[in-house]
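# A structural walkthrough
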Amino acid sequence: MSGKADPRPAGDGSTSRTRLDRGRGALGPALELVHTGRAPTRAVLTAELGVTRATAGAVAAELEALGLIRVDARPGAAAGSQGRPSHKLAVAEDGPVALAAQVHADGFRAALVGLGGRIVATAPGCEVVDADPAKVLASVVTAGAELLRETGRRCVGAGLAVPSAVAEPEGLALNPLHLAWPAGAPVRDIFAEQVRAAGLDGPAFAANDVNLAALAEHRHGAGRGARDLLCVATGHRGVGGALVLDGRLHRGSSGLALEVGHLTVHPEGRPCHCGSRGCLDVETDPLAFLTAAGREPGPEVSLLQQSIDLIRHHYDDPGVRTATETLIDRLGLGLAGLVNILNPDRIILGGLHRTLLDADPDRLRAVVADRSLWGQSGGVPILACTLDHNSLVGAAELAWQPVLDDPLGALT
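Here the structure is a predicted model, which is why all the values come from computation and not from measurement.

## Points about the environment of Ala216
Locating Ala216 in the fold gives a position in helix α7 (residues 209-220). A C-alpha to C-alpha distance of 8.0 Å links Ala216 and Leu387, two positions 171 residues apart in sequence. Ala216 has contacts with Gly221, Leu387, Asn390, Val393 and Gly394, leaving out every residue within four places of it along the chain.

## What about the sheet that holds strand β3 (residues 97-104)?
Paired through backbone hydrogen bonds, the strands of a sheet run either parallel or antiparallel to each other. The strand order β5-β4-β3-β6-β9 describes an open sheet built from five strands, whose pairing is mixed. Each end of this open sheet is capped by a strand with a single partner; those strands are β5 (119-122) and β9 (204-208). Neighbouring strand axes in the sheet, compared pairwise and without regard to direction, differ in orientation by 25 degrees on average. As judged from the five bridges shared by strand β6 (residues 155-162) and β9, these two strands associate in the parallel manner. Bridging across to β9, Ala158 finds its partner in Ala204. Strands β3, β6 and β9 of the sheet are contacted by helix α6 (residues 187-197), whose axis makes an angle of about 145 degrees with β9.

## Considerations on the packing of helix α3 (residues 42-49) against helix α4 (residues 53-65)
As a packed pair, α3 and α4 sit with axes 9 Å apart at the nearest point and diverge in direction by 110 degrees. When the axis of α3 is compared with that of α4, the two are roughly perpendicular. Note on packing geometry: the crossing formed by α3 with α4 is right-handed. The segment α3 lies against α4, with Arg42, Leu45 and Thr46 engaging Arg53, Ala56, Gly57 and Ala60. Partitioned by chemical class, the residues of the contact of α3 with α4 number three nonpolar, two polar and two charged.

## Overview of the nonpolar core
Among the nonpolar cores identified, the biggest contains 36 residues, and Leu31, Leu63, Leu68, Ile69 and Trp400 are the most heavily contacted of them. Residue assignment places this core across two domains, with domain 1 (25-72 + 87-93) and domain 2 (97-211 + 391-405) each supplying three or more. Not counting chain neighbours up to four residues away, the residues in contact with Ile69 comprise Leu31, Val34, Ala60, Leu63, Glu64, Ala90, Val91 and Ala92. By size, the runner-up hydrophobic cluster in this structure holds 35 residues, among which are Ala257, Leu280, Ile308 and Ala323.

## Here we look at the domain arrangement of the protein chain
Interface size is often expressed as the accessible area that is lost when the parts come together. Considered domain by domain, the protein chain is made up of domain 1 (25-72 + 87-93), domain 2 (97-211 + 391-405) and domain 3 (224-386). The gap between the C-alpha centroids of domain 1 and domain 3 is 38 Å.

## Let's talk about helix α11 (residues 318-342)
Over its 25 residues, α11 extends 36 Å from the first C-alpha to the last, a length consistent with the 36 Å expected when each residue adds 1.5 Å. Near the N-terminus of α11, the side chain that reaches the backbone nitrogen of Gly319, with its oxygen 2.8 Å away, is that of Asp317. In the segment just after α11, Asn343 is the residue with positive phi, at about 50 degrees.

## Description of the packing of α11 against helix α12 (residues 352-359)
Between α11 and α12, the shortest axis-to-axis distance is 10 Å and the interhelical angle comes to 110 degrees. Here α11 lies roughly perpendicular to α12, going by the angle between them. Seen from α11, the contacting residues are Thr324, Leu327, Ile328 and Leu331; seen from α12, they are Leu352, His353, Leu356 and Ala359. Class assignment for the residues of the contact of α11 with α12 results in six nonpolar, two polar and no charged.

## Looking at unusual backbone geometry
Residue Glu168 is joined to Pro169 through a cis peptide bond whose omega torsion reads 10 degrees. By secondary structure assignment, the location of Pro169 is in the loop between β7 (166-167) and β8 (172-173). Unlike most non-glycine residues, Asp246 shows phi in positive territory, near 50 degrees. Within the fold, Asp246 resides in the loop between β11 (239-245) and β12 (248-249). Judged by its relative accessible area of 60%, Asp246 is exposed. Even without being a glycine, Asn343 presents a positive backbone phi close to 50 degrees. The topology assignment puts Asn343 in the loop between α11 and β13 (346-350). A residue is classified by how much of its surface remains accessible, and Asn343, at 45% relative accessible area, is partly exposed.

## Some words on the side chain of Asn390
Looking at where Asn390 falls in the secondary structure, it is placed in helix α15 (residues 390-405). Judged by relative accessible area, which is 13%, Asn390 ranks as buried. With residues near it in sequence (within four places) discarded, Asn390 still touches Leu212, Ala213, Ala216, Glu217 and Cys385.

Analysis parameters
Residues numbered from 1 in each chain as written. Predicted model: local features only at pLDDT ≥ 70, side-chain atom pairs only at ≥ 80, totals over all residues. Heavy atoms only, no water. Helix = DSSP H or I, 4+ residues; strand = E, 2+ residues; numbered from the N terminus. Contact = heavy atoms within 4.5 Å. Pairing = 2+ DSSP bridges. Axes fitted to C-alpha atoms, helices over the stretch in contact; angles between N-to-C directions. Parallel < 35°, antiparallel > 145°, perpendicular 65-115°, else oblique. Left-handed = near helix turned anticlockwise from the far one by under 90°. Nonpolar A, V, L, I, M, F, W, Y, C, P; charged D, E, K, R; others polar. Core = buried A, V, L, I, M, F, W, Y, C linked by side-chain atoms within 4.5 Å. Buried < 20%, exposed > 50% of the residue type's maximum accessible area, 1.4 Å probe, protein only. Domains from an automatic or database assignment. Expected span 1.5 Å × (residues − 1). Polar contact = N/O pair within 3.5 Å; in protein donor to acceptor, adjacent residues only side chain to side chain.

This is the structure we're talking about:
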């Protein structure tokens, strides 16, 4: 504070409090607008919320008092703009964070993620995943707790991304196919127990990694503004899919929707873990690419990174180019089938699929347009995911959601 006398007339505090009371139901929507970058100024916030300027000001001030956002003390206007300048709004850079954790076939990682999808700190990743989920989750939570101690940040909760369908409401990892974990492992309860044991505040959540990648991209990345967003991605092994409808993640009746990895794209292809053959899961993942390119996977880096590096640095090799084109064609077949069923207004691709798109975007888009009813007439945009570590950011979104729903209740 400046130490100057308060110039406001007596009674102004009660007036502001009355405005805030009227706008208390707008705290959550206001925070979400700032969190997703849709309200960069108080004027935009006022318009988006449909409230008076005074009420919007009181709401913004309360969110700032909670340590969640910053309101620029000096309003400014862009060059050439007309009308009264407006205060800029931004998430608080030193505000609370969520603990985000991700486990995949090639290791696990912990991070702290603030509002706005900002990764504040990450712990060094581990490349060995034990067959006991409790040991793995204890290690990743310990790493996250150390980050919290180092940064001194307040923790609002914790989220976990796993390479498996997670059944609701039990929080069971039904098919961790590329981990040695038992099918049906109660990962959410195990994770929550480890979070409590570490003395961390806030609730704990768990969900499928591609679902969380889609959620993060919809709020902060390539999916922003889409109404019906389809996300398809290769993790370190296998293929996953997710759908965001009208801004909400579509989970299905029990959290198991969009198991796109088991669409058949090559009937005579490789045997799949599900018992079928030629599924997207085993025809377009990093191991499939390395095999098609005639390369023996090495132990030095993940299969995903080996595949990406091969395409980026050796695309002029005929074997690499042929393997890339083969995977693009099979991925395109799968996407075309999904377009026919779901009619999304945007498709985003992650992991190795993002690199396939970058290598030959015209080929992939042509396959989808050729094989889909609506692709020929509408031309569904196919874009690359833009967020680094989007599954980690999405895991944090789970933990941030109670705060977005009720900032005052969650933090006080």
